[in-house]
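Structural characterization, general
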Amino acid sequence: MAKFSFLLGFGAGYVLGARAGRERYEQIRGLWSDAKDNPQLQGLAGMAQARADDVVSSVKAKMGRDTGSDTTSARSTGTTTTPPATSTDSPDLTALPVDPPPMV
């Protein structure tokens, strides 16, 4: 679904960009450059980033996934205690149907 959305957006942007032409492209590019260098916009972006960081920290704390150094000892080492599968644990494949039922 995401791939389709991307392709749809890319196609729309390509068609609209082709129709607008080089002059409109340069105009949009100039506006973006002016906006990017605007100190007021940079301040707003910094405040938005700080707010987003606060929200992420709050959500992590509520989920119990605080990234502080005191929680590193509680992390899993990656080892498992599950015993290896034996030949008696394998499923019986003869009970499966040969052809699956048709999808409706």
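Residues numbered from 1 in each chain as written. Predicted model: local features only at pLDDT ≥ 70, side-chain atom pairs only at ≥ 80, totals over all residues. Heavy atoms only, no water.

As annotated in an unreviewed UniProt entry, the chain carries the name YtxH domain-containing protein and is attributed to Geodermatophilus normandii.

Before going further, it helps to spend a moment on the overall build of the chain. Scanning the chain from terminus to terminus reveals two helices and zero strands. About 10100 Å² of surface is accessible on the chain, with carbon and sulfur atoms providing 62% of the total. (Helix = DSSP H or I, 4+ residues; strand = E, 2+ residues; numbered from the N terminus. Areas by Shrake-Rupley, 256 points an atom, 1.4 Å probe, with all protein chains shown as cover.)

So, about the packing of aromatic side chains. The relation between two aromatic rings is expressed through the spacing of the ring centres and the mutual angle of the planes. Following the criterion strictly, the structure yields one aromatic pair and no others. With centroids separated by 6.3 Å and ring planes inclined at 25°, the aromatic side chains of Phe-6 and Phe-10 adopt a geometry described as stacked. In this pair, Phe-6 and Phe-10 are both assigned in helix H1 (residues 2-36), four residues apart and thus about one turn of the helix distant. Residue Phe-10 is classed as exposed on the basis of its relative accessible area of 54%. (Phe/Tyr/Trp six-rings, centres within 6.5 Å; stacked < 30°, edge-to-face > 60°. Buried < 20%, exposed > 50% of the residue type's maximum accessible area, 1.4 Å probe, protein only.)

Moving on to helix H2 (residues 39-63). Between the first and last C-alpha of H2 there are 36 Å, a value that for 25 residues agrees with the 36 Å anticipated at 1.5 Å per step. Looking at where H2 begins, the residue whose side-chain oxygen comes 2.9 Å from the main-chain nitrogen of Gln-40 is Asn-38. Gly-64 lies just past H2 and shows a positive phi near 80°. (Expected span 1.5 Å × (residues − 1). Polar contact = N/O pair within 3.5 Å; in protein donor to acceptor, adjacent residues only side chain to side chain.)

Side chains of Phe-6, Leu-7, Phe-10, Tyr-14 and Val-15 sit close together on the surface and give an oily, nonpolar patch of about 590 Å² of accessible area. Tracing the sequence through the fold places Val-15 in helix H1. (Patch = residues over 30% accessible without salt bridge, like charges linked within 9 Å, V, L, I, M, F, W, Y side chains within 5 Å. Salt bridge = Lys/Arg side-chain N within 4 Å of Asp/Glu carboxyl O.)

We now examine H1. Helix length check: H1, at 35 residues, gives a terminal C-alpha distance of 28 Å against a target of 51 Å (1.5 Å per residue), a shortfall beyond 12%. Taking the largest bend as the criterion, H1 deviates by roughly 105°, centred on Gly-21. (Bend = angle between axes of the 7 residues up to and from the residue.)

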